Amino acid sequence: MPLLASLLRRPRAAALLAALLLATVLLAAALPAAAARPLARPHALPEPAALDAEVARAMAATGARGLAVAVVDDGRVVQVRAYGERNARGEPLRTDTVMYGASLTKAVFAYTVMQLVDDGRIELDRPLADYFDRPLPDYPADRKYGPYADLAGDERWRKLTARHLLTHSGGFANFAFLEPDRRLRIHFEPGTRYSYSGEGLILLQFALERGLGLDLGREMDERVFAPLGMRDTGMIWQPRFAANLADGWTLDGTAVAHDERSRVRAAGSMDTSIADIARFAAALVRGEGLSPRSRKDLVRAQLPIASASQFPVLQPDLPAAQRRRDLAAGLGVVAFRGPQGAGFIKGGHDDNTGNTLVCIERGRRCVVLLSNDVRAEPAFAHLVAFVLGETGAPYRWEYGSMRFWEPSR
């Protein structure tokens, strides 16, 4: 107190102290309300029998024919379960059955890119143009990548960085073939807003393969799948998968054969099993394989998300008062903050596949759901909460107007 009184008698010191106090007050006022609230007590994880019963209820209610679940606690896989059928012949879905990973691929790709960052092979904020030996629009068409000649005349491609593409802020539609004229274009200044884009991930793959001379499939095999023991995972179809493979079911119950993907696609070509993707989730939540800085970068809030929902892409941002202040793009994942603190989420979806991965930083907990029946998705929010408790995972933003299943009590 004598020191404080002495400082207050000096005008310049008193002014500085007042400014510091004001800055502290303003900073505290600017923090999201969720950060100021005490965290909820950790949720007791369900016993296997309880999880089995709840999944059975969910599958009966939604009509889903197959669903697999993995639970991670303290960075360790503690439960791996599979339910129902893997094909129309009624063969059982198993924990080692090969299923389509869909856009969960994007999270594994981001993890791979961050290893390359750690190795000094690529920089997150260096323009990708620096890695090419010619202007991007001058590369000849290649069906594996995007139609980059369409960008001729728009010099904004020169600004694109790995960080822009991993945070879905490159300005592209989800894919060029979804544009009305099927032409690739940049819709907004790179880095200024979030809009989901698989096309951006494909461009980053192009930079790694054409710019750096890497083979992405080999990099992911050697850096991720082999070290983590993901024996039933690959970025392209492998004939050995056929013996234990999941087909799928669409919303109307039509059975669809598994797509034997022949091209490595960073946006979503990965096949995996629930046992394998559980190993990845556990490694990611405990930071294995990455420097502390890169692991923090991957899952931290990088860019606010201001849209009402993830799809349709390129929709107008909400007014500031209507946005979720706790929702932001990480690198290949979406970061959020809820009752249990910081977490991250990644989904994967097509006409006959529904997947989700949710992790909570506190307690290093995750739940992963893989379904070869898209009808399971309405139950995802409930099943994640059943395992982890209320997390704040942004399922309303993720799925828009979907009607979620909630069991009667």
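Rules of the game
The residue count restarts for each chain, going from 1 along the sequence in the order it is written. Predicted model: local features are reported for residues with pLDDT of at least 70 only, side-chain atom pairs are reported and counted for 80 or more only, and whole-chain, interface and lining totals are derived from all residues. Derived side-chain values reflect all non-hydrogen atoms in the structure, with water molecules and hydrogen atoms excluded from consideration. Helix and strand assignments follow DSSP, with helices taken as H or I runs no shorter than four residues and strands as E runs no shorter than two, numbered in order from the N terminus. Given the number of residues in a helix, its expected span is that number minus one, multiplied by 1.5 Å. Working definition: with a 1.4 Å probe on protein chains only, accessible area under 20% of the residue-type maximum means buried, over 50% means exposed, and in between means partly exposed. Pairs of residues are marked as contacts when any of their non-hydrogen atoms sit within 4.5 Å. UniProt positions are given in the numbering used here, feature names are shortened, and annotations may be inferred rather than shown by experiment. By the convention used here, strands pair only if DSSP detects at least 2 bridges between them. Salt bridges are counted wherever a side-chain nitrogen of Lys or Arg sits within 4 Å of a carboxyl oxygen of Asp or Glu. The axes used here are C-alpha line fits, helices contributing only the stretch in contact, and every angle between their N-to-C directions lies in the interval 0 to 180 degrees. When an angle is under 35 degrees it counts as roughly parallel; over 145 it counts as roughly antiparallel; between 65 and 115 it counts as roughly perpendicular; any other value is oblique. Three classes are used: nonpolar for Ala, Val, Leu, Ile, Met, Phe, Trp, Tyr, Cys and Pro, charged for Asp, Glu, Lys and Arg, and polar for all others, with Gly counted as polar.

### Describing helix α5 (residues 104-118)
Thought 1: Over its 15 residues, α5 extends 22 Å from the first C-alpha to the last, a length consistent with the 21 Å expected when each residue adds 1.5 Å.
Thought 2: Judged by how many residues are buried, α5 sits mostly within the fold: 13 of 15 residues are covered.

### Quick notes on helix α10 (residues 292-299)
Thought 1: Taken together, the buried positions of α10 are S294, R295, D297, L298 and V299.
Thought 2: Where α10 is buried, its residues meet α5, α6 (162-166), α9 (274-286), β9 (334-338) and β10 (341-350).

### Brief notes about the UniProt feature "domain: Beta-lactamase-related" (unreviewed entry) in the protein
Thought 1: In the numbering adopted here, UniProt assigns the feature "domain: Beta-lactamase-related" (unreviewed entry) to residues 52-377.
Thought 2: The span residues 52-377 is 23% helix and 18% strand, and its two end C-alpha atoms sit 17 Å from each other.

### Structural notes on the pairing of strand β1 (residues 66-73)
Thought 1: Judged by how many residues are buried, β1 sits mostly within the fold: 7 of 8 residues are covered.
Thought 2: Where β1 lies against strand β2 (residues 76-84), 8 bridges are found, and the strand directions are antiparallel. In the sheet register, V71 faces β2, and the bridge partner there is Q79.
Thought 3: What sits between β1 and β2 in their antiparallel hairpin is a turn of 2 residues, with D74 showing a positive phi close to 55°.

### With respect to the pattern of salt bridges
Thought 1: With the rule as written, the count across this model stands at 33 salt bridges.
Thought 2: One salt bridge connects D130 with R126, and the closest N-O pair in it is separated by 3.1 Å.
Thought 3: Linking E209 and K144 is a salt bridge whose minimum nitrogen-to-oxygen distance equals 3.1 Å. Of this pair, E209 sits in helix α7 (residues 198-211) while K144 sits in the loop between α5 and α6; the two residues are 65 residues apart in sequence, bridging distant segments of the chain.
Thought 4: E209 sits in the buried class, given a relative accessible area of 11%.
Thought 5: Accessibility expressed as a relative area gives 21% for K144, which makes it partly exposed.
Thought 6: Salt bridges linked by common partners bring D125, R163, D297 and R300 together as one network.

### Thoughts on the packing of α5 against helix α8 (residues 216-225)
Thought 1: The interhelical angle for the contact between α5 and α8, taken along N-to-C directions, is 85°, at an axis separation of 10 Å. Comparing the axis directions of α5 and α8 gives the class roughly perpendicular. On the side of α5, the interface is formed by V108, F109, Y111, T112, Q115 and L116, while α8 contributes L216, E219, M220, R223, V224 and F225.
Thought 2: Its residues placed into classes, the contact of α5 with α8 shows 8 nonpolar, 2 polar and 2 charged.

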